[in-house]
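Overview (structure and organization)
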Amino acid sequence: MAKRIVDAHFTGERSYFENQLGREFDFTAATGPYEYLLGALSGCFAKTLISYLGKDNGFSSIDIHTEGEKRTGEPATLKTTDIRIVAKGVKDRKDFEDAVTKAENNCSIYQTVKMVSSMNVDLIFED
């Protein structure tokens, strides 16, 4: 499904959005728009990366940590965005590094955020 639908709802008691499947996601002090944006970036980057690694993924796990620093002023877009990838049990580090580069170039959310933010990707291999 290429089309994605999200409806946001705001009342005096609750702020949340829901997707086309009816799943609800609350906006709270700890989970606001930027947390959702960084979460979406992590998910998109991981899915894109895994698609380039192929069926035999060549790793046991991937953890992605994202951080964003907002600009001051209007609009308060992200100034810097850091992505730290910890890859465990990687069979071929060169292939994995190449897949990370391809993900940087082709992850749609990464490319969108890159239009307003300086991007930094760190890759750490653990056995």
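Residues numbered from 1 in each chain as written. Predicted model: local features only at pLDDT ≥ 70, side-chain atom pairs only at ≥ 80, totals over all residues. Heavy atoms only, no water.

Going through the model one piece at a time under the given rule, you end up with six salt bridges. Note that lysine 94 and aspartate 98 form a salt bridge whose closest N and O atoms lie 2.8 Å from each other. Here the residue lysine 94 and the residue aspartate 98 both occupy positions in helix α2 (residues 93-106), the gap between them amounting to four residues, near one helical turn. Among the charged side chains, a network of salt bridges with common partners joins Arg14, Glu24 and Asp26. (Salt bridge = Lys/Arg side-chain N within 4 Å of Asp/Glu carboxyl O. Helix = DSSP H or I, 4+ residues; strand = E, 2+ residues; numbered from the N terminus.)

Note that glutamate 18 resides in strand β2 (residues 15-19). Of the buried charged residues, glutamate 18 lacks a salt bridge, with arginine 14 as the closest side chain of opposite charge at 7.7 Å. At 2.9 Å, the side chain of glutamate 18 and the side chain of histidine 9 are in polar contact. Setting aside residues no more than four positions away along its own chain, glutamate 18 makes contact with Ile5, Val6, Asp7, His9, Arg23 and Glu24. (Buried < 20%, exposed > 50% of the residue type's maximum accessible area, 1.4 Å probe, protein only. Lys, Arg positive; Asp, Glu negative; His and termini not counted. Polar contact = N/O pair within 3.5 Å; in protein donor to acceptor, adjacent residues only side chain to side chain. Contact = heavy atoms within 4.5 Å.)

Once that is clear, we can look at the sheet that holds strand β5 (residues 78-88). Across the sheet, which stays open at both edges, the three strands sit in the order β4-β5-β6 with mixed pairing between neighbours. Sheet topology places β4 (61-70) and β6 (118-126) at the edges, where each strand pairs with a single neighbour. Taken pair by pair, the neighbouring strands of this sheet meet at an average axis angle of 15°, ignoring direction. Against the sheet, helix α1 (residues 33-53) contacts β4, β5 and β6, and its axis sits at roughly 145° relative to β4. Across the sheet, α2 lies against β4, β5 and β6, angled at about 160° from β6, the strand it touches most. (Pairing = 2+ DSSP bridges. Axes fitted to C-alpha atoms, helices over the stretch in contact; angles between N-to-C directions.)

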